[in-house]
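# Observations on the three-dimensional arrangement
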Amino acid sequence: MKHLITLKDITTDEFHDILKLTEKLKYENKNGITHHLLKGKTLGMIFAKSSTRTRISFEVGMYQLGGHALFLNTNDIQLGRGESIYDTANVLSRFIDGIMIRTFDQKDVEDLAKYGQIPVINGLTDLTHPCQALTDMFTIYEEKGKLEGLKLCYVGDGNNMTHSLLFACAHAGMDMSVATPKGFECDPQIVEDALAMAKKSGSKLVFTNDPQEAAAGADAVYTDTWVSMGQEREKAEKVKKFDGFQVNKELMAHAAPDAIFLHCLPAYRGYEVSADVIDSPCSKVFDEAENRLHTQKAVMAMLMGQQN
Ligand code: CP
Ligand code: NVA
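Residues numbered from 1 in each chain as written. Chains lettered and ligands numbered in written order. Predicted model: local features only at pLDDT ≥ 70, side-chain atom pairs only at ≥ 80, totals over all residues. Heavy atoms only, no water.

As a further point, take unusual backbone geometry. Across the junction of L265 and P266, the peptide omega takes the value 5°, indicating a cis bond. Looking at the secondary structure, you find P266 in the loop between β9 (260–263) and α11 (275–278). At L124, a position not held by glycine, the phi torsion is positive, near 120°. For L124, the location among the structural elements is in the loop between β4 (120–122) and α5 (130–144). Despite not being glycine, L265 has its phi angle at roughly 65°, a positive value. Residue placement: L265 occurs in the loop between β9 and α11. We classify L265 as buried; its relative accessible area is 12%. (Helix = DSSP H or I, 4+ residues; strand = E, 2+ residues; numbered from the N terminus. Buried < 20%, exposed > 50% of the residue type's maximum accessible area, 1.4 Å probe, protein only.)

See below:
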């Protein structure tokens, strides 16, 4: 594994290795064991969009691994004034040991990896959010003790989160049912790629416009904001079109009795999820947020550690 750009690009063995190392690092962290696997290393964190969890978990993660993280807002670096990805990748490769980037276009992440000489981690694009989906799989594993054979239901916008969860479920041997309003389905190329992966692992991926059908018997129910970063002007229209796609108590009643609720956050209560679900005992959203730290430490250690 040289980069983490999409979960489609890693092998299923690498997927499981990340989750295993996450479990070890979390256990050690909780027991006061330090692990300076990235002593003296620096991660550059390029942000073209807002972030709470991603920025903090990468920065704290680097610190806990004995390294250092640099916050690089695109408003402040020359990339935001038109310096090319090619030059940025080559210059950063002379100073630092890895790049985490949150941006709009997936191609920019691919190009950074292509032109630079250091590992690149995708911290969210319009198309994918692999670090979050890895974390979600780890959170489900913690709750259920396994992944294979479970069913994840996703209700809402067919977006970056949905795309990465499809790849993650295909790696994990989990079934996934996606319910989106008409016109807000997943990217067709992603669906095709995920179905091809799922065919190998035996996961069943189902796409519908009916939230109740998707939720039936699910072990975990997931939603995300209806208005992703960059879509703010579409909010009024989307709120109308997503009527009936809220995860609430009525919808959770269709899932398994011990189903958990997940959300990558930030959440908007009263829109994609009701307060009585996200603030109820079945909600694991804060464990999920914490697990960003442990999962990304595993990813960084694997990409930037001694063995590389
Ligand atoms: N879930 C997630 O990526 O959160 P942030 O946008 O706060 O980083
Ligand atoms: N789909 C959301 C995820 C935020 C973590 C967005 O792109 O804004």
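Once that is clear, we can look at the pairing of strand β2 (residues 68–73). In the sheet, strand β1 (residues 42–47) pairs with β2 via 6 bridges, with the strands oriented parallel. From the neighbouring strand, L43 faces β2, where its bridge partner is A69. Following the backbone out of β1, through helix α2 (residues 53–64) and into the adjacent parallel β2, one traces a crossover that is right-handed. (Pairing = 2+ DSSP bridges. Right-handed = clockwise from strand over helix to strand, strands pointing away.)

This next bit is on the site of ligand 2. With respect to spatial proximity, the complete set of residues near ligand 2 consists of L124, N159, N160, D224, T225, S228, M229 and L265. The contact in question runs from a nitrogen atom of ligand 2 to an N or O atom on the side chain of N159, over 3.4 Å. In the environment of ligand 2, a nitrogen atom lies 2.6 Å from a nitrogen or oxygen atom belonging to the side chain of D224. (Near = heavy atom within 4 Å. Polar contact = N/O pair within 3.5 Å; in protein donor to acceptor, adjacent residues only side chain to side chain.)

Taken together, 4 strands build an open sheet; the order of strands is β2-β1-β3-β4 and the sheet is parallel. Of all strands in the sheet, those with a lone pairing partner are β2 and β4, marking the two edges. The mean angle between the axes of side-by-side strands here comes to 20°, regardless of whether they run parallel or antiparallel. Judged from the 3 bridges that link them, strand β3 (residues 98–102) and β4 form a sheet pairing that is parallel. Bridge pairing in β4 places I101 opposite N122. (Axes fitted to C-alpha atoms, helices over the stretch in contact; angles between N-to-C directions.)

Further remarks concern the pattern of salt bridges. Throughout the structure, instances matching the rule amount to 13 salt bridges. In this structure, the salt-bridge partner of D126 is K49, at a minimum N-O distance of 2.6 Å. One end of the pair, D126, is in the loop between β4 and α5; the other, K49, is in the loop between β1 and α2, and 77 residues separate them in sequence. Look at D126 and you get partly exposed, because its relative accessible area is 42%. The residue E59 makes a salt bridge to R55 at a minimum N-O spacing of 3.6 Å. Placement of the pair is E59 and R55 together in helix α2, with a separation of 4 residues, close to one helical turn. Three or more residues are tied together by salt bridges with common partners; here these are K26, K30, E142 and E290. (Salt bridge = Lys/Arg side-chain N within 4 Å of Asp/Glu carboxyl O.)

In this section: the site of ligand 1. Residues in contact with ligand 1, as listed here, are S51, T52, R53, T54, R102, H129, Q132, C264, L265 and R292. The separation between an oxygen atom of ligand 1 and a polar side-chain atom of R53 is 2.8 Å. Between ligand 1 and R102 there is a distance of 2.8 Å, counted from an oxygen atom to a side-chain nitrogen or oxygen. Computed on the free molecule, ligand 1 has an accessible area of 250 Å², of which 96% lies beneath the protein chains in the complex. Taken together, the residues of the shell around ligand 1 sort by class into 2 nonpolar, 5 polar and 3 charged. (Areas by Shrake-Rupley, 256 points an atom, 1.4 Å probe, with all protein chains shown as cover. Nonpolar A, V, L, I, M, F, W, Y, C, P; charged D, E, K, R; others polar.)

The subject of this paragraph is helix α4 (residues 106–115). Looking only at α4, the buried set comprises Q106, V109, D111, L112 and A113. On its buried face, α4 is in contact with β1, α3 (85–95), β3 and β4. The backbone nitrogen of K107 has a side-chain oxygen 3.0 Å away, supplied by the residue at the start of α4, namely D105. (Contact = heavy atoms within 4.5 Å.)

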